[in-house]
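Inside the fold
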Amino acid sequence: MEAASPAGPSVPQPYAPGAAGALGSLLRGLKGQLFTWNILKTIALGQMLSLCICGTAITSQFLAEKYKVNTPMLQSFINYCLLFLFYTVTLAFQSGSDNLLSILKRKWWKYVLLGLADVEANYLIVRAYQYTTLTSVQLLDCFGIPVLMALSWFILYARYRATHFIAVAVCLLGVGTMVGADILAGREDNSGSNVLIGDILVLLGASLYAVSNVCEEYVVKKLSRQEFLGMVGLFGTVISGIQLLIVEYKDIAGIPWDWKIALLFVAFALSMFCLYSFMPLVIKVTSATSVNLGILTADLYSLFFGLFLFGYKFSGLYILSFTVIMVGFVLYCSTPTRTAEPADSDVPPVTSIGIDNLGLKLEENLPETHSAAL
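The notes below deal with the structure included here. (Residues numbered from 1 in each chain as written. Predicted model: local features only at pLDDT ≥ 70, side-chain atom pairs only at ≥ 80, totals over all residues. Heavy atoms only, no water.)

A short note on the overall build of the chain
For the chain, the count of helices and strands is 16 helices and two strands. For the chain, buried positions account for 47% of its 374 residues. Taking all contacts inside the chain whose residues are at least 6 apart in sequence as the whole, residues at least 24 apart take part in 85%. Of the roughly 19000 Å² that the chain leaves accessible, carbon and sulfur atoms contribute 70%. (Helix = DSSP H or I, 4+ residues; strand = E, 2+ residues; numbered from the N terminus. Buried < 20%, exposed > 50% of the residue type's maximum accessible area, 1.4 Å probe, protein only. Contact = heavy atoms within 4.5 Å. Areas by Shrake-Rupley, 256 points an atom, 1.4 Å probe, with all protein chains shown as cover.)

Some details on the packing of aromatic side chains
One pass over the structure, following the stated rule, counts seven aromatic pairs. Judged by centre distance (6.0 Å) and plane angle (70°), the ring pair of Tyr-160 and Phe-165 falls under edge-to-face. Overall, the relative accessible area of 11% leaves Tyr-160 in the buried class. On the basis of relative accessible area, Phe-165 is assigned to the partly exposed category, the value being 46%. Among the aromatic residues, those joined into a ring-pair cluster are Phe-86, Tyr-87 and Phe-273. A cation sits over an aromatic face here: Arg-159 above Trp-153, 4.1 Å from the ring centre. (Phe/Tyr/Trp six-rings, centres within 6.5 Å; stacked < 30°, edge-to-face > 60°. Lys NZ or Arg CZ within 6 Å of the ring centre and 35° of its normal.)

Focus: the packing of helix α4 (residues 100-128) against helix α9 (residues 225-247)
Orientation of α4 relative to α9, taken along the N-to-C sense of each, is 55°, at an axis distance of 7 Å. Between α4 and α9, the crossing angle belongs to the class labelled oblique. Two packed elements cross with a definite hand, and for α4 against α9 that hand is right-handed. Here the contact of α4 with α9 is composed, by residue class, of 17 nonpolar, four polar and four charged. (Axes fitted to C-alpha atoms, helices over the stretch in contact; angles between N-to-C directions. Parallel < 35°, antiparallel > 145°, perpendicular 65-115°, else oblique. Left-handed = near helix turned anticlockwise from the far one by under 90°. Nonpolar A, V, L, I, M, F, W, Y, C, P; charged D, E, K, R; others polar.)

Focus: α9
When the terminal C-alpha atoms of α9 are compared, their 31 Å separation across 23 residues agrees well with the 33 Å that a helix rising 1.5 Å per residue should span. Counting buried positions along α9 gives 17 out of 23 residues, so the element sits mostly inside the fold. You can read the cap of α9 off the contacts: a side-chain oxygen lies 3.1 Å from the backbone nitrogen of Glu-227, and it is on Ser-224. (Expected span 1.5 Å × (residues − 1). Polar contact = N/O pair within 3.5 Å; in protein donor to acceptor, adjacent residues only side chain to side chain.)

Okay, structure coming up:
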């Protein structure tokens, strides 16, 4: 064989290993960014919240379908009472500015509005099922996510990147897939008596949820989790108790109480209490928006349990929907947002990295020097 001339043209083979190495480094970097410990922990916490919501949905459906008990305000009232007994009483024994009376003197009216928004958001969404269809509720309930992002922009000074908007679009695509699976599986019903009223109730409820979640993120990150839950427990108990006497006293009087119904009420209250107790912990290390994206899978968990408990029909689109939502959720969590605190804010300036997805930002700063060197 004739040897290649040293002066001959260069061949591309020597560059192939370098290109492959660069591609491998890119894939490893992408894997390291998307599947860090903090992101995996956030996913696990988000799905724990989804399971709590699933527990409230299943117990409510058992009460409504098997025992003909439809008392959403009573169920919420029990949850607020638990929050009051656990967190509000704890605040009463705090000292200094964290004491219950001190908080009430300074900002009682703010927490009245917060409690009203939280109570009515729960009530409006449940009441909407009497007027509109399951599909409308599932789709329009997602209206709360763009409202939440807008409120976070103006109130929390969150600044989003293109990745966040793409991730939200992916999650909403997953919800659309889930709704399509519901229709194909025969879960869509047209029994709504007034679809327009029902749709308006869903939009109002979703907007109030967004208001409540933004306030929760503000209080949890800048004040304390105990203060938020204690104030919600106090004013939620008062407001839901008054509304309970007005709108549900006849329904409550007609409940055929036995140990099974009582057990379902207890299961609902515990699921709701766990949801309220754990959500601030997740919001503190992520954001209200990422939490709301993560709990989009709650309906899917309810559907999976419904296959065995209520005889739902299975569709492969449910698995596809779950996968799409989780991809969008991971994509959103993989990119930290920025914040733009105003100059006169009493919050320490964090304009370069913000306070959203705090755990991710700590990881983000570590490899900066190494990446620059590479």
